Amino acid sequence: MSREKLKRLGVELPLLPTSTVGSFPKTPELAEARTKYTRNQITRAELETLEKRATEFWIRTQEEIGLDVLVDGEQYRGDMVAYFAELMGGFQTGGLVRSYGNRYYHKPAIVGEVKWPGPMTVQWWRWTQSLTKKPVKGMLTGPYTVMDWSFNDHYRDRKSACLALAGELRKEAEALIEAGARIIQIDEPAISVRQEELSFAIEAMHLTVDGLPAYFITHACYGAFETIYPDMLELPVDNLDLAISNSALDLLKIFEKDPFTKDLSLGVLDVHNHRIETPTEIKARVMRGVRVLTPERVWVDPDCGLKTRTVEESRRKLETMLTAVRELRTELA
Amino acid sequence: MQLILSTAGSYPRIGDVPDLQRHRRAYAQRERGDISAEELRKVEDEVVAGVIREQIEAGIEVVTDGLIRWYDPYSHFARGVEGVEINGLLRLFDTNFYFRQPVVKGRLRRRGPILLPEYEFARSVSSRPVKPVLTGPYTLARGSIVEAGYRSVHELALAYAEVLAAEVGELSRAGAQLIQLDEPAIVRHPENLNVLEAALAVVGRERGAARLLLHTPFGDVAPLYRDLQALPVDALGLDFTYSPKLPALIADLGSAKPLALGLIDARNTKLETRESVFPVLDAILPALKTGPTYLMPSCGLEFLPRERARLKLETLKRLRDAYLGGRS
């Protein structure tokens, strides 16, 4: 059914469309340049030249691998929330907070009314799309996750902050559509952390996407299924992207009780493991979804952004994924 | 009326200015092998002394050592126990903090004192009483992967409880008067209250003159409040940030145990005001049958930047003083 929506939007995809969750590792050249930039050893313009070169590398790589729906690889982004927080009005870069071990990050703080500053991702999307004939996804972080991963010094409560963000992020989605994006992914990895807040997370997504002419995907992290299914089906998006590579979940059993009503992206590659999966393993993981939904409703991708893997690991994992999918396309045709 | 100010556990180990980043630098140097374990320990000593000083300057009356030497609340204990290995990272409840998950490979056996040397050092640099903090047996068991040695969370919780009982005994004999036991996992698994009860009975066995404070952050504790009152501990620490109904519930049911009120949100930078805190105190305090009552942040302060953690504590003191001042 969402395939019809895609068709209406002018997007034709093969059976079991393949994509990735968003980030690719920074190329070694870019990683070095980013360090130099933070030390003021190169200019912003020099850094951007290298960001573009790395983005182009990843577009070519995705085309070579044979992926169907491409991403820009987020070579110009650091953290998926901080990137937006640094650009939007109402935010301040927060102080350092520990995330684990000896690892710290600057947690953004909302200190005033949040405000869309004008397009934040559109220029990159437009440029990336100009490099390829395949569709490139617009990539946004959802209002609930931006709220949850920021301090809130301004709004009365978490819900008010989340809904305010939704109204502003909608403008970015509109701008992407205006530029020509037909598929937009709005990530909500934080959505399962507080079940009692799911209702306003869903309300926020309505504010962000309702009435907009695009095919929307939401990526949620491992663990979401157990805690917020079937309520998460109320998210007003076309496709839910779920990490299942590490999960022993019996989708059949879960969907028998509460039928899955959307397209499903199956995250079949474990991005937190160096090991390259075998085509047989991947096929088995895809089949867990195909057996319970029709193959027309299933997409295939890694279980999270690939930015923690090396360039070579990312490529080999995705090549294997495509090998598996090509075999399945023949077998299922 | 006595309202004693305390912290709830962790304290940010670094700040945003280079002077306050010694710990991060030393830790990285140790990881690269550039400095010895002893040299890192000296830096940790200085940081512990610093965060204790900062708490005291902010007006805190019962301090913690900030858990500066802990990698995280799980592996810090798992490392001190035979039969447990340390696994990959897992998200700590609904926070953006990650801990290393213990993997139980066989029967647990404590290698030796885990917290005692840390407590003794903290006490030597503090002019105020130091409250040791332990991760509770149920939470440790719930957060562990069991590969061998135990057949259930219940069995494993009792095994961890034996380890922690020895810790509590040592801390009590060393002079700790108030010992905090963190059990956030029970809020998400109220069906295991019986397991918690049995494990706490073991942990408390050797507490001697020390009082055990059970703290249950990171979730709405209101549905469990009645049951917590029946547990074999001496005081309860409550995180109010998830529980809009908790003040009315306590006002209604009272408390047979002294309470530590986690009214200051240790997860968000926004500072509390009279308007947000006084009505809660007005509702709760008359219902408390026994003291002392503690005021503290909702959980450890490590979720905040250092400068904001300090401001939170100063706010706590200012609000307490204003509240008591307004009544006298």
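Residues numbered from 1 in each chain as written. Chains lettered and ligands numbered in written order. Predicted model: local features only at pLDDT ≥ 70, side-chain atom pairs only at ≥ 80, totals over all residues.

(A) Looking closely at the overall build of chain B. A count of helical and extended segments in chain B gives twelve helices and ten strands. Taken over C-alpha atoms, the radius of gyration comes to 19 Å for chain B, in line with the 20 Å a tight globule of 328 residues would show. Its C-alpha atoms give chain B principal-axis dimensions of roughly 55 × 50 × 35 Å. Here chain B holds 328 residues, and the buried ones make up 48% of them. (Helix = DSSP H or I, 4+ residues; strand = E, 2+ residues; numbered from the N terminus. Rg over C-alpha atoms; globule rule 2.2 N^0.38 Å. Buried ≥ 20, exposed ≤ 12 C-beta atoms within 10 Å, placed from the backbone.)

(B) Representation of the overall build of chain A in the model. Scanning chain A from terminus to terminus reveals twelve helices and eleven strands. Scaling as 2.2 N^0.38, a compact globule of 333 residues should have a C-alpha radius of gyration of about 20 Å, and chain A matches this with 19 Å. Overall size of chain A, expressed as C-alpha extent along the three principal axes, is 55 × 45 × 45 Å. The buried share among the 333 residues of chain A stands at 49%. Excluding contacts between residues fewer than 6 apart, the proportion of contacts in chain A whose partners are at least 24 apart in sequence is 77%. (Contact = placed C-beta atoms within 7 Å.)

(C) Broad picture of the interface of chain A and chain B. Facing 17 residues of chain A, the contacting portion of chain B comprises 23 residues. Elements represented by at least two residues in the side of chain A that touches chain B include exactly β2 (96-100) and β6 (151-152) of chain A. The greatest single-element share of the side of chain A that touches chain B, amounting to five residues, is contributed by β2 of chain A. When the residues that make up the side of chain A that touches chain B are grouped by side-chain class, the tally is eight nonpolar, six polar and three charged. (Nonpolar A, V, L, I, M, F, W, Y, C, P; charged D, E, K, R; others polar.)

(D) Region of the structure containing unusual backbone geometry. Residues and elements named next belong to chain A. Cis geometry is adopted by the peptide bond preceding Pro230, which originates at Tyr229 and carries an omega value of 5°. Position of Pro230 among the secondary structure elements: in the loop between α9 (224-228) and β9 (239-243). The backbone of Glu74 shows a phi angle near 55°, a positive value even though the residue is not glycine. Examined against the element boundaries, Glu74 turns out to sit in the loop between α3 (44-65) and α4 (82-87). The class for Glu74 is buried, based on 22 C-beta atoms found within 10 Å.

(E) Fine view of the pairing of strand β8 (residues 215-220) of chain A. Residues and elements named next belong to chain A. Counting buried positions along β8 gives six out of six residues, so the element sits mostly inside the fold. Taking every second residue as pointing to the same face, both faces of β8 are buried, with Tyr215, Ile217 and His219 on one and Phe216, Thr218 and Ala220 on the other. As paired elements, strand β7 (residues 183-187) and β8 share three bridges and run parallel to each other. If you follow Ile183 over to β8, its bridge partner there is Tyr215. Note on the crossover from β7 through helix α8 (residues 198-209) to β8: the handedness is right-handed. Taken together, the four bridges between β8 and β9 define a ladder with parallel strand orientation. Bridge pairing links His219 to Asp241 in β9. (Pairing = 2+ DSSP bridges. Right-handed = clockwise from strand over helix to strand, strands pointing away.)

(F) Expanded view of the nonpolar core. Core analysis: the largest hydrophobic core is formed by 95 residues, its most contacted members being Tyr160, Ile179 and Ala199 of chain B. At eleven residues, the largest contribution of residues to this core is made by helix α6 (residues 153-173) of chain B. The next biggest cluster of nonpolar side chains, apart from the first, holds 88 residues, and it includes Leu50, Ile244, Val290 and Ala324 of chain A. (Core = buried A, V, L, I, M, F, W, Y, C linked by C-beta atoms within 7 Å.)

(G) Region of the structure containing the packing of helix α7 (residues 158-179) of chain A against α8 of chain A. Residue and element names in this part refer to chain A. The contact between α7 and α8 brings their axes to 7 Å, and the two run at 25°. By the angle between their axes, α7 is roughly parallel relative to α8. For the crossing formed where α7 meets α8, the hand is right-handed. Packed against α7, whose contacting residues are Lys159, Cys162, Leu163, Ala166, Gly167, Leu169, Arg170 and Ala173, the element α8 presents Phe200, Ala201, Glu203, Ala204, Leu207, Thr208 and Val209 at the interface. Residue classes in the contact of α7 with α8 are distributed as ten nonpolar, two polar and three charged. (Axes fitted to C-alpha atoms, helices over the stretch in contact; angles between N-to-C directions. Parallel < 35°, antiparallel > 145°, perpendicular 65-115°, else oblique. Left-handed = near helix turned anticlockwise from the far one by under 90°.)

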